[in-house]
Amino acid sequence: MDRREAMKLAGAMAVCAEFWPCGRKAEARGISASAFPDPPGRCYRAVAGAPIVTPLRDLYKVGPGPSSSHTIAPLRIAGNFRIWLDGQPDLVRSSAAIEAHLFGSLSATGRGHRTDRAIIAGLIGQKPETCDAALMDALGDATRVFPTTIAGRDFHIGASTIVWDKVDAGYPFADTVVMRLVDGQGRALAEREYYSTGGGFFQWKGQPRPISPEPVFRYSNMNEFKTVAAESGQSIDAIMLENEKALLGVGDAEVTAHLDLVLDTMIRGVDLGLTEEGVLPGPFEFHRKAKRIHDRALAAEGGDNFLGRLSSYALAVSEGNAAGRLAVTAPTLGSAGTLPAVAYLMQYDLKVSREAMRKGLLAAGLVGLICKTNASVAGADVGCQGEIGVASAMAAAMLAHAAGQPVEVTEIAAAMALEHHLGMSCDPVGGFVLIPCIERNAFGALKAYNAYLIASNEIASQHWEDLDRVVAAMLETGRALPQPFREMGTAGLGVSMVGC
Ligand code: SF4
């Protein structure tokens, strides 16, 4: 039996399992405190939140690596400031320069994450989707300045634009950028306090609450989503598609075009990464290995072949991301290799149709939005469980939904993949998305496939953990992580890998 047949059979088995007599129902339920002689003193209660109105177009963003919070978001922030300045010609006329003050882990690890180049790119009018690695490389030349015109005035943007400010500055978000327009004496004429909130998202202090269009289907977590799905009789992908169209005011064709852009960028990232070798940019020698792992996997048999290939796909994209190539936030760039690895596997190894892959991507998006809304997808907030953990959960959901599994199995696959990343800290060595990030993507992909396999073969109605409870556990665990273990590069591997 080939793997595709196995996927179909697993789907059929899981559907049958729903009808098998199975004693006590355990589905999405939690265990009563009375089941324990010594309950923990606290218990989980679902909290109804506002409906999710973030479109998938904002979750899946194409942009240059290596980090969504430290590269894409700063690029978007600088672009936003530029657009705002364009509407302030009088202020701009009396100004002398623009400054970008970086705080928190943007200051601590921004050099490794190309934050300075991203700010320069945004200020000179670059867009994330088209800002490629070659341009980002050029922007790192500290001896050069880059001319640009804003509101009719010429500026020279360069290394002096960037101010590496305090790491601990007491702003409400760890990753803060204060964009400032200054006069000839360095006095601020205008400024905006921006927060990079993870996954390439940003907001600014005093930002008016955007008026979001109403989604067709209202849900704030997975349990509410399942109720909506049951009442409407709609599939995950149909619900996500209708909401995306309503939230963006677009039609089927636009949503399909975006999903295809995401899939194509992912597939290209694997293809490219499997051809490249050599040393990645950074202060220490870090050798690419995706091609070697892939070549060796092709020569191997059985499990080694499968595990090696899937790992190499994730390594390929993650290495490209570390080199500043275009990648997709899924949910972040640090975790940009996990979902593409599974997508590549589906397209070329499992021969899944493009239509089924789009549906899988919509289901993965559901999981990403639920995690982002009810916890976080930022390593600076909740550690790596929010990046690789969520990426793995999204990939497991993509596999399950594309294979035709019911919503319960898709949920269990996602919950299981996330659950087994709980507690994972974010401790990038030197602040570079190299160690442990690149290999971690491979493990995220492997766990996703394993979660999908277990979820689609166990009896769904006997499974205790549901996605909402695991997301709640991720949030609590993330809050308990000491700050140095949240993307500061000053703890864990970030210290133990550095010799004196
Ligand atoms: S350790 Fe994880 S969360 Fe931290 S930068 Fe790397 S991939 Fe992102």
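Scroll up for the structure.
Residues numbered from 1 in each chain as written. Predicted model: local features only at pLDDT ≥ 70, side-chain atom pairs only at ≥ 80, totals over all residues. Heavy atoms only, no water.

K.L.:
What am I meant to see in the packing of aromatic side chains here?
P.N.:
Aromatic rings in a pair are described by how distant their centres are and how their planes are angled relative to each other. This structure, assessed with the given rule, holds 12 aromatic pairs. Each ring, one from Tyr 219 and one from Phe 225, has its centre 5.1 Å from the other, and the planes form 90 degrees; the classification is edge-to-face. For Tyr 219, a relative accessible area of 2% translates into the label buried. For Phe 225, a relative accessible area of 0% gives the class buried. (Phe/Tyr/Trp six-rings, centres within 6.5 Å; stacked < 30°, edge-to-face > 60°. Buried < 20%, exposed > 50% of the residue type's maximum accessible area, 1.4 Å probe, protein only.)

K.L.:
I would appreciate a short explanation of the packing of helix H10 (residues 252-273) against helix H14 (residues 354-374) in the present structure.
P.N.:
Two quantities define a packed helix pair, namely the angle between the helix axes and the distance between the axes. Following both chains from N to C, one finds H10 and H14 inclined at 95 degrees, their axes separated by 10 Å at the closest point. Taken together, the axes of H10 and H14 are roughly perpendicular relative to one another. In this structure, H10 contributes Thr 256, Leu 259, Asp 260, Val 262, Leu 263 and Asp 264 to the contact, and H14 contributes Arg 354, Met 357, Arg 358, Leu 361 and Leu 362. Taken together, the residues that form the contact of H10 with H14 break down as 6 nonpolar, 1 polar and 4 charged. (Axes fitted to C-alpha atoms, helices over the stretch in contact; angles between N-to-C directions. Helix = DSSP H or I, 4+ residues; strand = E, 2+ residues; numbered from the N terminus. Parallel < 35°, antiparallel > 145°, perpendicular 65-115°, else oblique. Contact = heavy atoms within 4.5 Å. Nonpolar A, V, L, I, M, F, W, Y, C, P; charged D, E, K, R; others polar.)

K.L.:
Help me out: how do you make sense of the pattern of salt bridges in this one?
P.N.:
When their charged atoms lie close together, side chains carrying opposite charge are able to pair. Following the criterion strictly, the structure yields 20 salt bridges and no others. Across the pair Arg 42 and Glu 476 runs a salt bridge whose closest N-O atoms are separated by 2.8 Å. Linking Arg 42 in the loop between helix H1 (3-17) and helix H2 (56-59) with Glu 476 in helix H19 (residues 467-480), this pair joins segments that are 434 residues apart in sequence. A relative accessible area of 61% means that Arg 42 is categorised as exposed. (Salt bridge = Lys/Arg side-chain N within 4 Å of Asp/Glu carboxyl O.)

K.L.:
Help me understand the sheet that holds strand E2 (residues 97-102) in this model?
P.N.:
Backbone-to-backbone hydrogen bonds pair the strands of a sheet. The strands run either parallel or antiparallel. Strand order in the open sheet formed by 5 strands is E5-E2-E6-E7-E8, with mixed pairing between adjacent strands. At either end of the open sheet lies a strand with only one pairing partner, and these are strand E5 (162-164) and strand E8 (201-204). Adjacent strand axes in the sheet meet at a mean angle of 25 degrees, parallel and antiparallel pairs treated alike. Across 4 bridges, the pairing between strand E7 (residues 188-198) and E8 is antiparallel. Note on E8: the bridge partner recorded for Tyr 195 is Gln 203. Helix H3 (residues 68-86) rests against E2, strand E6 (176-182), E7 and E8 of the sheet, and its axis sits at about 145 degrees to E7. (Pairing = 2+ DSSP bridges.)

K.L.:
Just checking my understanding: could you explain the pairing of E6 for this structure?
P.N.:
Note on strand geometry: in a regular strand, side chains alternate between the two faces of the sheet. Among the 7 residues in E6, 6 count as buried, and that is most of the element. Where E2 meets E6, 6 bridges bridge the pair, whose relative direction is antiparallel. Note on E6: the bridge partner recorded for Ile 98 is Leu 181. Bridging between E6 and E7 involves 7 bridges; their strand directions are antiparallel. By the bridge assignment for E7, Leu 181 is matched with Ala 190. Hairpin connection, E6 to E7: the antiparallel pair is bridged by 5 residues, and Gly 186 has positive phi, about 80 degrees.

K.L.:
So what exactly am I meant to see when it comes to unusual backbone geometry here?
P.N.:
Trans is the prevailing form of peptide bonds, just as negative phi is the prevailing case for residues other than glycine. A cis amide bond, omega 5 degrees, links Ala 330 with the succeeding residue Pro 331. Secondary-structure assignment places Pro 331 in the loop between strand E9 (326-328) and helix H13 (338-349). Between Ile 435 and the following residue, Pro 436, the backbone shows a cis peptide bond with an omega angle of 5 degrees. If you trace the backbone, Pro 436 turns up in the loop between helix H17 (407-419) and helix H18 (437-457). The phi dihedral of Arg 114 falls on the positive side, at around 60 degrees, and the residue is not glycine. One non-glycine residue, Lys 351, adopts positive backbone phi at about 55 degrees. Within the secondary structure layout, Lys 351 lies in the loop between H13 and H14. Classification of Lys 351 as exposed rests on a relative accessible area of 53%.

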